[in-house]
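Per-entry structural report
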Amino acid sequence: MSEYDARGKTNRALLICVGDYKNLRPLPAVRDNAEQLRRVLADPGTDLFTEDEVRVCKAQEPWEVEQALDAVTDEARGLLLVYFSGHGRVGPDGGNLQLMVGASRSRLHKTVSWQDTVLPYLDNARADRIVVVLECCYAGNAGEAVHRCRRPLSLLMAAQPNRRIFSGEEPAGGSVFTRAVVAVLERGIPGRRFVAFDDLVQALREELADERTPMGDVWEPRSAKQNTTDDVVLSFATPEVRPPTPLRVRLRRWLNPVLQHWIRLLLTLAIVFVPATAGVVLLNLPGAAPPCPPALELRLLTAPEAEATLRRVAFDYEMSAANIRPLSGESDYPDGCRRAQITVYSAAKDQIDQGFAAADRWQGEARGTGRSGPDGKGVEPLHRPGPQPDLWIPESTADYDEARRLMPAGGSPATLRNTGPVAYTPLVVGIPSKKRLDDVERAGAPWRDLLTGADRGHLELLRPSPVLSGTGLLHTIGLYLANDGSAIGSSGTPGPDTALADRAESRLSAPGSQYAGSTELLCSLRPGVNGIGGAGAGPQAAATSAPLVSEKSLADFNLGRATGSCPALPAPLGPGNRYAAYYPKNVPALDHPLIRVDWRGAADATPRQAAVGRFARWLRTPDGGQRTLTAQGYRGVPGEDGTMPQPPRGSPLLDSRAEVDPDAGVTPFTADPDQVSEVLDGYHKAQKSSQVLILMDTSTSMADGGKLPIAVGAAGRALEMAGAHHTYGLWTFPDRAHPDDPDAVHQAVPLGSADPAEGKAALARIAGGGLVDHGAAMAEALTAAVRTMKHAKGTHNAIVLILDQDDGTGPRRAADVEKTLTGLLKGGPDVPVLTLAMGRSGCDTFALQGLTGASGGRCVPEGPDAPDQLAGFVGSIGTAAKGER
């Protein structure tokens, strides 16, 4: 990774340190933070900022912060560092972090909004790179809004989301967190010539490893980056012999103040002695260009797997000549000003389908009216898709066909226009390197041969859910329609045979054969990852699993790149831990079409359509978007001659350690929309009826650290998998009516319900104050749930357990309750337990690992992707089990 060196440039550091409060608890240690940070940042050993470039703001009123931000964002040209230390607050939903100044009150009066105040200032900064450090309670919640910033930003948050921290009441010398920052910047890191942003984050995690938050969690600083792929150097201190400052930097530092002095002198002389030409001089001075008008914001919706790459694509486009050069007839955008800025966000496939199916509600929410039409009738808000998009890049044309099919026949305010693919990535089956299929061709073997080979190797097939993932849907189309290797025809070709669909689904073992996407599936198989455990998944079973994923995601996995919630590794995986890519014959590749979304009644429809058109053209330009996309591991789109290009030099697909075949052909998508519908219909018919009992901890400890919104959201996401053949029940524990009975549970929704609305209403009551002030006896409640599900109707039953770390252990617990529970789980029929574990240990505890193993279930740790992961597992409960093959 390259590093950005700002030495000698016009840099600024703004230290906002608020230790004195009129209405809140004072933070005496914060009073020392400013001086300690100023000292180390301006120290010659740090060699980055000069003394006059470091400014301190001890704000008592919000306007003081705004005034300081306005000054530094205007002046900085190299590095802009903004540091806040003080109180922080969030709303009931955990969003909109508020930075508290001296005059703030506990109810958020006179505060500085992170997303509504600070980020807009940073967005207009003129610096090359921006680094923000937040040391306050709930600092980790700032990461949610970072994607809104259009400038290259690196954000360091003092702790993980929804956590308060002990900072401000320590002995003199600064707070614990800031003392650690100062120490790292001042002493450097052994073996490193400097301290870069990523170095600082890792060092702080090590420094604070023994510290705890007020909730007892490990104190873990978090970081986020936006619009930047390089690292930023924050200090040139090193324990080794420090090399001298380069001559160019010393010359720049010497010349900058001299030039500034002469410019000021010349301006003075011009004003005094040449008044007639003063206006001309001032008008022609460098930097006197008119300010840039606000750029038009385009909202780009995509799948979670493509979000990171498309963020880079959007940034490259914004900085490209295609977006900043003047156009004929657009004199209001001077040279160098961005005409468009692109916000990239993602949602699961089913949630995007829901958004377009209810486009009237989507548009109403975007306008802030909450109304569906002129009658003023209120509407239920959509769950997840995000803001209404201007363009959509799904994983494949199949996603587009399905979304259009689900849109109301009577008309919609949204019109979807497919402009064609912008990149390709073939679908592959990952075979463990030690179990390669020697008698099967890696490229061009029909699905039936791959299935036979996988069976001989005793490999379990793992697939992203066709409901949640475009990759999963296209793999299912391939399984059903190209089983024998025949080309998938267009209109008039018969749909999938029911028996074939049943046989294909029987190869996927339940539960947990499905995941929310390729990247999370592969993350669960990475060596050393214990987040998703249990039979058939996790690193222990990696050698016996065959993931159905995309070529790009498999290459990223083998090369040690960031995969789902798994961060990048320092090096590619070893040969024994990789998967070899096998390419099923005539299975269409993901073609990533760009869909323009036009909204009825939009006042600025014409300029938006024009902006989308410019972006689409740039995306398909070899020196534009194609360069960025192929550098990330995608295949390019055909050129003017119509031939499919080979991966260019520098593509990760050409690295032999990626274990892919760059010469494997790309099969275009040719299926008819009716065939896509028939495949999904066949998939749903192949599922067996299932029953899921959601067992949720509702003790008051769930309110700590913002766990309750996460738990309620995950339970609500699981409810979305319910339907005519998939029923559920919702139980909570402890039971308010029987506080002294650890075995008692509250049946909020009886087992057997098919209407998700009942469960959502119950969850709303819980979120609104339905917690019980009593210890949660998890083992006793789970024992009751398992006993019920063992005797419930049907052969496909499962339990979804949502809990925090307080499992109610205590003197009242029966000595043999764990033994009883284990015995029940191991007895027939199978009742897998799918667990969402919230707390610092996540799934990595002896009890949860034992529970997962005994039940044949899964465990998902708390995190932003947890609700979709859980939904993927719940959606797989009705698939055929091993014994039914």
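Residues numbered from 1 in each chain as written. Predicted model: local features only at pLDDT ≥ 70, side-chain atom pairs only at ≥ 80, totals over all residues. Heavy atoms only, no water.

Focus: the overall build of the protein chain
Scanning the protein chain from terminus to terminus reveals 26 helices and 29 strands. When the 885 residues of the protein chain are sorted by exposure, 55% land in the buried category. A fraction of 77% describes how many contacts in the protein chain between residues 6 or more apart in sequence connect residues 24 or more apart. Accessible surface for the protein chain amounts to roughly 36500 Å². Of this, 52% is attributable to carbon and sulfur atoms. (Helix = DSSP H or I, 4+ residues; strand = E, 2+ residues; numbered from the N terminus. Buried < 20%, exposed > 50% of the residue type's maximum accessible area, 1.4 Å probe, protein only. Contact = heavy atoms within 4.5 Å. Areas by Shrake-Rupley, 256 points an atom, 1.4 Å probe, with all protein chains shown as cover.)

Structural notes on the pattern of salt bridges
Inspection of the entire model under this criterion finds 36 salt bridges. A salt bridge links Arg578 to Glu659, with the nearest nitrogen and oxygen atoms 3.6 Å apart. Pair noted here: Arg578 is in the loop between α17 (551-558) and β22 (579-584) and Glu659 is in the loop between α19 (625-631) and α20 (673-686), with a separation of 81 residues, a long-range link. When sorted by exposure, Arg578 lands in the same class as Glu659, which is buried. (Salt bridge = Lys/Arg side-chain N within 4 Å of Asp/Glu carboxyl O.)

Description of the packing of helix α14 (residues 470-481) against helix α15 (residues 498-506)
Between α14 and α15, the least distance of the axes is 9 Å, while the angle of their chain directions is 125°. Accordingly, the angle class assigned to the pair α14 and α15 is oblique. Handedness of the crossing formed by α14 with α15: right-handed. Judged by residue contacts, Thr476, Leu479 and Tyr480 of α14 engage Leu500, Ala501, Ala504 and Glu505 from α15. (Axes fitted to C-alpha atoms, helices over the stretch in contact; angles between N-to-C directions. Parallel < 35°, antiparallel > 145°, perpendicular 65-115°, else oblique. Left-handed = near helix turned anticlockwise from the far one by under 90°.)

Overview of the pairing of strand β14 (residues 340-346)
With seven of seven residues buried, β14 is to be regarded as a mostly interior element. Here strand β13 (residues 296-302) runs beside β14; their pairing, made up of seven bridges, is parallel. Bridging from a neighbouring strand, Leu301 pairs with Tyr345 of β14. (Pairing = 2+ DSSP bridges.)

Focus: the sheet that holds strand β12 (residues 231-235)
In space, the three strands of this open sheet follow the order β1-β12-β10, with mixed pairing throughout. One side of each edge strand has no neighbouring strand; the edge strands of this open sheet are β1 (3-4) and β10 (195-196). Where β1 and β12 come together, two bridges link them in parallel fashion. Within β12, the position partnered with Tyr4 by the bridge is Val232.

Some remarks on the sheet that holds strand β6 (residues 98-100)
Spatial ordering of the open sheet is given by β5-β6-β7, a layout of three strands whose pairing is antiparallel. Strand pairing shows two members of the sheet lacking a second neighbour, β5 (88-89) and β7 (111-113), which therefore form its edges. In the packing of helix α3 (residues 114-123) onto the sheet, the strands contacted are β6 and β7, and the crossing angle to β7 comes to about 65°.

Considerations on the confidence of the model for the protein chain
Of the residues in the protein chain, 82% reach a pLDDT of 70 or more, and the chain-wide mean stands at 82. Overall, residues 267-289 carries pLDDT values under 50, and its contacts beyond four positions in sequence, including any with other chains, amount to seven contacts. Here residues 808-812 scores under 50 on pLDDT; set against residues more than four positions off or in separate chains, the count is seven contacts. (pLDDT = per-residue confidence, 0-100.)

A closer look at the packing of aromatic side chains
What the rule picks out here adds up to nine aromatic pairs. Where Phe194 meets Phe236, the ring centres are 6.2 Å apart and the plane angle is 70°; that geometry is what we call edge-to-face. Taken together, the residues span a long stretch of sequence, with Phe194 in the loop between α4 (176-187) and β10 and Phe236 in the loop between β12 and α6 (247-273) at a distance of 42 residues. A relative accessible area of 6% means that Phe194 is categorised as buried. Here the aromatic cluster, defined as three or more aromatic residues joined through ring pairs, consists of Phe356, Trp362, Trp392 and Trp599. (Phe/Tyr/Trp six-rings, centres within 6.5 Å; stacked < 30°, edge-to-face > 60°.)

Description of the environment of Tyr683
Of note, Tyr683 is situated in helix α20. Here Tyr683 falls in the buried class, since its relative accessible area comes to 2%. Residues Tyr683 and Val467, spaced 216 residues apart in sequence, show a C-alpha to C-alpha distance of 9.6 Å. The residues contacting Tyr683, other than those within four sequence positions of it, are Arg463, Pro466, Val467, Tyr480, Glu505, Gln514 and Gly875.

So, helix α12 (residues 397-406)
Of all 10 residues that make up α12, seven are buried, and the element is covered over most of its length. Within α12, the full set of buried residues consists of Thr397, Ala398, Asp399, Tyr400, Asp401, Glu402 and Ala403.

Some details on the nonpolar core
The biggest cluster of nonpolar side chains holds 87 residues, and the ones touching the most others in it are Leu41, Leu80, Trp114, Leu122, Val132, Leu134 and Phe177. At seven residues, α4 tops the list of elements feeding residues into this core. Leaving out residues up to four positions away in the same chain, Trp114 has contacts with Leu97, Leu119, Val132, Leu134, Ala142, Ala145, Val146 and Leu155. Counting 54 residues, the second largest nonpolar core, distinct from the first, contains Leu462, Ala516, Ala664 and Val800. (Core = buried A, V, L, I, M, F, W, Y, C linked by side-chain atoms within 4.5 Å.)

Details of the environment of Cys337
Structurally, the position occupied by Cys337 is in the loop between α9 (321-324) and β14. Overall, Cys337 belongs to the buried group, its relative accessible area being 2%. Sequence separation between Cys337 and Ala295 is 42 residues; the distance between their C-alpha atoms is 8.1 Å.

What to know about the state of the cysteines
Here is the idea: a disulfide is a covalent bond, and it sits between the sulfur atoms of two cysteines. Under the counting rule described, the total for this entry stands at two disulfides. There is a disulfide in this structure between Cys523 and Cys566, and the S-S distance comes to 2.0 Å. The disulfide joining Cys523 to Cys566 has a torsion of about 75° about its S-S bond and is therefore right-handed. On the criterion of sequence distance, the pair formed by Cys523 in helix α16 (residues 518-524) and Cys566 in the loop between α17 and β22 is long-range, its members being 43 residues apart. What makes Cys566 buried here is its relative accessible area of 5%. In this model Cys843 forms its disulfide with Cys859; the gap between the sulfur atoms is 2.1 Å. (Disulfide = S-S within 2.5 Å.)

Re the environment of Asp399
Within the secondary structure layout, Asp399 lies in helix α12. Separated by 71 residues in the primary sequence, Asp399 and Gly470 have C-alpha atoms spaced 6.1 Å apart. Once residues lying within four places of it in the same chain are set aside, the contact partners of Asp399 are Lys349, Asp353, Trp392, Pro394, Gly470 and Leu473.

Overview of the pairing of strand β28 (residues 833-837)
Counting buried positions along β28 yields five of five residues, so the element is predominantly enclosed. Judged from the five bridges that link them, strand β27 (residues 797-803) and β28 form a sheet pairing that is parallel. Looking at β28, one finds that Val800 is bridged to Leu834. In terms of strand pairing, β28 meets strand β29 (residues 858-861) through four bridges, oriented parallel. Of the residues in β29, the one forming a bridge with Leu836 is Val860.

With respect to α4
Helix length check: α4, at 12 residues, gives a terminal C-alpha distance of 17 Å against a target of 16 Å (1.5 Å per residue), a fit within 8%. The complete set of buried residues in α4 reads Val176, Phe177, Thr178, Ala180, Val181, Val182, Val184 and Leu185. Note on α4: the residue one or two positions beyond its end, Gly188, has a positive phi of about 80°. (Expected span 1.5 Å × (residues − 1).)

Overview of the side chain of Ser104
Its place among the elements puts Ser104 in the loop between β6 and β7. Among the polar contacts made by the side chain of Ser104, one reaches the main-chain carbonyl oxygen of Lys110 at a distance of 2.6 Å. Not counting residues within four places of it along the chain, the set of residues in contact with Ser104 comprises Asn23, Leu24, His109, Lys110 and Thr111. (Polar contact = N/O pair within 3.5 Å; in protein donor to acceptor, adjacent residues only side chain to side chain.)

Regarding unusual backbone geometry
Residue Pro734 is bonded to the preceding Phe733 through a cis peptide linkage, with omega at 0°. Residue position: Pro734 is located in the loop between β25 (726-733) and β26 (746-753). One non-glycine residue, Asp47, lies in positive phi territory at about 60°. In this fold, Asp47 is placed in the loop between α1 (28-41) and β3 (54-57).

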